[in-house]
Amino acid sequence: MSLAIKNGIVFDGTKVIGKKNIYIENGIIEEVTEDDKPVKEEIDAKDMFVMPGLIDAHIHMGGIKGGSLVKGYLFESPLLRILRASKWAEKLLKAGFTTIRDCGEPISIHLRNAINEGTIIGPRIIAAGRPITQTFGHGEFSHDIPLEFSKELGFSEFCDGVDSCIHAARKVLREGADFIKIFATGGVLSQRDRPENPQLSYDEIRVIVNEAEKVGTYVAAHAHGDKGARIAIEAGIKTLEHGTLLQDETLKLMVQKNVSLTPTLTIQELIYRYGKQIGVDEWGLEKIVQVRESITRVIRKAKDYGITIITGTDMGFETGIEEIDIGKNWMELVLLVELGGLKPVEALTAATYNPAKVLGVNVGEIKPGKLADIVIINGDPTYNIRDVAKVKKVIKGGIEVN
Ligand SMILES: [Zn+2]
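This structure is a prediction, so every number in the text was calculated from the model and none was measured.

What follows is about the overall build of the chain. Broken down by element type, the chain carries 13 helices and 18 strands. By the compact-globule yardstick of 21 Å for 402 residues, the chain fits well, its C-alpha radius of gyration being 20 Å. For the C-alpha atoms alone, the extent of the chain along its principal axes is close to 65 × 45 × 45 Å. Out of the 402 residues in the chain, the part that is buried amounts to 60%. If you take every contact in the chain between residues at least 6 apart in sequence, the share linking residues at least 24 apart comes to 69%. Of note, the chain has its 50 positive side-chain charges centred 1 Å away from the centre of its 56 negative side-chain charges.

What follows is the structure, encoded as structure tokens:
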């Protein structure tokens, strides 16, 4: 064996399995045992908590500074944003996030490629690339700028009508998307659409799902309002993002169709508590109240119904705020416990085992055969979830990061 992590209290992705030694070979976990064997290199994790690498299943690696998307996308160079985003990748990895899913940002495709070829360091990235939006949709930050200009920005791919949606899906897949992100309702940070209103029709979403499934992938849908969420679920999406205004019948349908929920509490708390301070566009400050009020009820119901909850911060800009910023994405686990009523162990599962299963990545568990993405923590997050921030060491694919 080439590497072992010894004497730590191990959380395997769903439960604490006690004091174990983890043996790693070629980046893969070979054995988890009480036996003590000689190895080339070992890490002593005595009195430490050892868990699978964390996953942020909803992030936007856009490299924006401050809370205004309009300012970031209209007035800053994408080249500068790329440089910042590569720093974000390093920060996230060092904070214990060994896998992230980017839910819409063209830069993420290239970040993913640069990390995979070893040029920069960062988490495993599952990238949506450019999200798909309807005209006058959430994928346009400002609805006052000329439409052609909005398209020219290159953030979203536009589609209106079934044929156009087929083309849009094929286009983003061709650009290198690992999965497809769509906007099935209005949102908070876009100007004049409303979170409660549906966007894209059943037929439009259905053909996008079809194109994704043809190449073995799936669709993730941004949806706040109940009606739009329901249409998206019926059309075959796999992961539902936000879900803030979901009603009981729709939650039941999610159980039936095996659709997961990413409640994205971090972005909502950030906008609610610090939106003004970080310069969030005025419409965002106005719309946040309604979605924030409802989500804690939704999470409790989702948990009761047995819906798979996965952690996603929806962070898309660096804030400079002590409490919520890029690299402090463990805040989502904290909020799931403090606002969502999850037990600490459930929050840890929502950040490891659950997203790994849903996203189909061979991580999220400390178990033979899994990729050795492991975090060593100087604390006990099953007792105090905030201890998840006390990262001592990160191992990605069997290689020590810090
Ligand atoms: Zn998002």
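Once you've had a look at it, read on.
Let us look at the pattern of salt bridges. Applying the stated criterion across every chain, the model contains 37 salt bridges. Its salt-bridge partner being Glu90, residue Lys87 comes within 3.5 Å of it at the nearest N-O pair. Taken together, the positions of Lys87 and Glu90, both in helix H2 (residues 78-94) and three residues apart, correspond to about one turn of that helix. Here Glu90 falls in the partly exposed class, since its relative accessible area comes to 24%. One salt-bridge network, in which partners are shared between bridges, spans Arg130, Glu157, Lys171 and Glu175.

Coordination of the zinc ion by the protein comes from His58 (NE2), His60 (NE2) and Asp314 (OD), over a distance range of 2.1 to 2.2 Å. Owing to a relative accessible area of 0%, His58 belongs among the buried residues under this scheme. Look at Asp314 and you get buried, because its relative accessible area is 14%.

Positionally, Thr352 belongs in the loop between helix H12 (344-350) and helix H13 (353-359). In this view, Thr352 contacts Phe11, Gly13, Met51, Pro52, Gly53, Ile55 and Gly364; residues no more than four positions away in its chain are not counted.

Turning to the packing of helix H9 (residues 265-278) against helix H11 (residues 331-338), a few remarks are in order. Packing of H9 against H11 brings their axes to within 8 Å, and their N-to-C directions diverge by 85 degrees. One way to sum up the angle between H9 and H11 is to call them roughly perpendicular. Each of Leu265, Thr266, Glu269 and Arg273 in H9 lies in contact with H11, whose residues at this interface are Met331, Glu332, Leu335 and Leu336. Partitioning the contact of H9 with H11 into residue classes produces four nonpolar, one polar and three charged.

The next subject is H9. Along H9, the helix axis deviates most sharply at Tyr272, where the bend reaches about 55 degrees. The buried fraction of H9 is high, at ten of 14 residues. Every buried residue of H9 is accounted for by Leu265, Thr266, Ile267, Gln268, Glu269, Leu270, Ile271, Tyr274, Gly275 and Ile278. Those residues of H9 that are buried are in contact with helix H10 (282-305), strand E15 (315-318) and H11. Residue Gly279 follows H9 closely and has a positive phi angle near 85 degrees.

What follows concerns the domain arrangement of the chain. Considered domain by domain, the chain is made up of domain 1 (3-51 + 365-400) and domain 2 (54-359). Once you take the C-alpha centre of each, domain 1 and domain 2 turn out to be 30 Å apart. Contact with domain 1, which involves 21 residues of that partner, is made by 25 residues of domain 2. Overall, the association of domain 1 and domain 2 removes approximately 1900 Å² of surface from exposure, summing both partners, and the carbon and sulfur fraction of that is 70%. The largest share of the area that domain 1 buries against domain 2 comes from Ile385, Arg386 and Lys396, three residues that together contribute 32% of it.

Here we take up the pairing of strand E3 (residues 28-33). Bridge analysis of strand E2 (residues 16-25) against E3 gives five bridges, and the strand direction is antiparallel. The residue bridging Asn21 from the neighbouring strand is Thr33, located in E3. As consecutive antiparallel partners, E2 and E3 are separated by two residues, and within that stretch Asn26 has a phi angle of approximately 50 degrees, a positive value.

What counts and what doesn't
Residues numbered from 1 in each chain as written. Predicted model: local features only at pLDDT ≥ 70, side-chain atom pairs only at ≥ 80, totals over all residues. Heavy atoms only, no water. Helix = DSSP H or I, 4+ residues; strand = E, 2+ residues; numbered from the N terminus. Rg over C-alpha atoms; globule rule 2.2 N^0.38 Å. Buried < 20%, exposed > 50% of the residue type's maximum accessible area, 1.4 Å probe, protein only. Contact = heavy atoms within 4.5 Å. Lys, Arg positive; Asp, Glu negative; His and termini not counted. Charge placed at Lys NZ, Arg CZ, Asp CG, Glu CD. Salt bridge = Lys/Arg side-chain N within 4 Å of Asp/Glu carboxyl O. Donors = N, O, S within 2.8 Å, 3.2 Å for Na, K, Ca; no water. Axes fitted to C-alpha atoms, helices over the stretch in contact; angles between N-to-C directions. Parallel < 35°, antiparallel > 145°, perpendicular 65-115°, else oblique. Nonpolar A, V, L, I, M, F, W, Y, C, P; charged D, E, K, R; others polar. Bend = angle between axes of the 7 residues up to and from the residue. Domains from an automatic or database assignment. Buried area = accessible area lost by both parts, 1.4 Å probe. Pairing = 2+ DSSP bridges.

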